[in-house]
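Report on the structure
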Amino acid sequence: NSQPMGFYAPAQIVRDAREHGVGVEEVDVNFSEWDAILEEDTTRTLGVASRLHPRHASMQGEIRATHKIRLGFRQIQGLAEKDMAQLVVKRGKGYDSVRDLWLRTGLSPNVLAAVAEADAFRSLGLERRDALWAVRGLNRAGDKDDLPLLRDLSFRGLEPEAHLPAMSLGEHVVEDYRHLSLSLKAHPVALLRHRLKERSILRTEELAKISSGWRVSTAGLVLVRQRPGSASGVIFLTLEDETGVANAIVWPKVFEILRPIIIAARFIAIGGKLQSESGVIHVVVERAEDLTPLLGLLASAGGDFPASAHGKQPEQGSPVAAEANLFDMKMAKTDPREVHRALPKGRNFH
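All figures in this text were calculated on a predicted structure; none of them were measured in a lab.

1. Section: the overall build of the protein chain
Broken down by element type, the protein chain carries 11 helices and nine strands. Residues classed as buried in the protein chain amount to 47% of the 350 residues present.

Written out as structure tokens, the structure reads:
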């Protein structure tokens, strides 16, 4: 709730919490508030051991979490606190449809579209594409909301529901980062791991098993670039993959050779000598490759993500089917450059 702040972005804070056995839940219209909040964790009877990352196994006896984190609406890009306060106040025992939420809150379809794009309607059985379709179908009277006398009438029977193809896991991850700056569904690098494996690029967690002095290759999203004034021009990089973070050192002479990659890459592969001392691991960079173009493949990665497509397939050739096809084509048209921009570009410190 204190963002923006400090060294790490919300995605890294959330990842670290989850690795320490803390449950984190998605933003949702029926459970979230403006701020992130704590909810009782009903799965705590199973213990946190199954959720702990192996590197934190020694802490098992120290972690006694009874609650989990519910992400707040503040995490969604472009929303106003006053609008979400209205949503929370009017919620009562919960919303049962997009239309119910709209009529009770009086929020504009544009606001509801932003909530849908953040995939915050899953408690209603709707993933983001279905929710956006439902928002687009909200009834209007001129440029005003439904007239009060008509609010109790159902218009859903006037046109059949459209069955929209499920989005891939990669598409969901990209959209999560675009609208929430993080994703609880998967880490982007995990979806590209098969391509990294082909290049013999190690996961960051594997670096701890390698002896100091060996040459290694690893890759990750660039989280932080540091160039302290007291470090004589040395660059320090922090990279993140699906298993953790890796620290890299770039000496001034190497930096001058690799400057465009070190400065601009959002997703980078590095190679060099491993330094390991007292559990602190660094890679002294000798070479680097900008893998940012690979992020453009995310939208087609990971296979279909479970969705609740409970609408019926519209009759082929009907106006509804035609509109659904156009809507789906628009949603599926992913420019690789847009994918790049959705992912974090790293934070620079001097």
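2. Quick word on the sheet that holds strand E2 (residues 37-40)
With mixed pairing, the three strands of this open sheet are ordered in space as E1-E3-E2. With one partner strand each, in any of the chains shown, strand E1 (24-25) and E2 form the two edges of the open sheet. Relative to strand E3 (residues 67-70), E2 runs antiparallel, the two sharing four bridges. By the bridge assignment for E3, Ile-37 is matched with Arg-70.

3. A few points about the packing of helix H4 (residues 109-117) against helix H5 (residues 128-136)
For the pair H4 and H5, interaxial distance at closest approach is 8 Å and the crossing angle is 170°. As the angle between them shows, H4 and H5 are arranged roughly antiparallel. Residue-level contacts link Pro-109, Leu-112, Ala-113, Ala-116 and Glu-117 of H4 to Arg-128, Ala-131, Leu-132 and Val-135 of H5. Across the contact of H4 with H5, the residue classes tally to seven nonpolar, no polar and two charged.

4. As for helix H9 (residues 252-264)
Across its 13 residues, H9 extends 17 Å between first and last C-alpha, which sits within 8% of the 18 Å expected from 1.5 Å per residue. For H9, the principal kink sits at Leu-258 and spans about 85°; a proline, Pro-260, occurs within the next four residues.

5. Observations regarding the environment of Leu-223
Structurally, Leu-223 can be placed in strand E4 (residues 215-226). Taking relative accessible area as the criterion, Leu-223 reaches 6% and is therefore assigned buried. Taking the C-alpha atoms as reference points, Leu-223 and Phe-267, separated by 44 residues in sequence, lie 9.4 Å from one another. Excluding anything up to four places from it in sequence, Leu-223 contacts Gln-12, Thr-238, Glu-240, Val-245, Gly-346 and Arg-347.

6. Some words on helix H3 (residues 98-105)
With respect to burial, H3 is a largely interior element, seven of its eight residues being buried. Buried residues along H3 sit against helix H2 (81-89), H4 and H5. Looking one or two places after H3, you find Gly-106, whose phi comes out positive at around 70°.

7. A closer look at the nonpolar core
Leu-79, Met-84, Phe-121 and Phe-267 are the most contacted members of the largest nonpolar core, which has 58 residues in total. Take this core: its biggest share by element is six residues, from H4. In this view, Phe-267 contacts Val-189, Leu-192, Leu-196, Ala-219, Gly-220, Leu-221, Glu-289, Asp-290, Leu-291, Thr-292, Leu-294 and Leu-295; residues no more than four positions away in its chain are not counted. Counting residues in hydrophobic clusters, the runner-up holds 22 residues, among them Leu-207, Ile-261, Leu-274 and Val-283.

8. Overview of the side chain of Ser-168
Mapped onto the elements of the fold, Ser-168 is located in the loop between H5 and helix H6 (169-180). Residue classification places Ser-168 among the buried positions, given a relative accessible area of 7%. Here Ala-299 takes part through its backbone oxygen, which lies 2.7 Å from a polar atom of the side chain of Ser-168.

Thresholds applied
Residues numbered from 1 in each chain as written. Predicted model: local features only at pLDDT ≥ 70, side-chain atom pairs only at ≥ 80, totals over all residues. Heavy atoms only, no water. Helix = DSSP H or I, 4+ residues; strand = E, 2+ residues; numbered from the N terminus. Buried < 20%, exposed > 50% of the residue type's maximum accessible area, 1.4 Å probe, protein only. Pairing = 2+ DSSP bridges. Axes fitted to C-alpha atoms, helices over the stretch in contact; angles between N-to-C directions. Parallel < 35°, antiparallel > 145°, perpendicular 65-115°, else oblique. Contact = heavy atoms within 4.5 Å. Nonpolar A, V, L, I, M, F, W, Y, C, P; charged D, E, K, R; others polar. Expected span 1.5 Å × (residues − 1). Bend = angle between axes of the 7 residues up to and from the residue. Core = buried A, V, L, I, M, F, W, Y, C linked by side-chain atoms within 4.5 Å. Polar contact = N/O pair within 3.5 Å; in protein donor to acceptor, adjacent residues only side chain to side chain.

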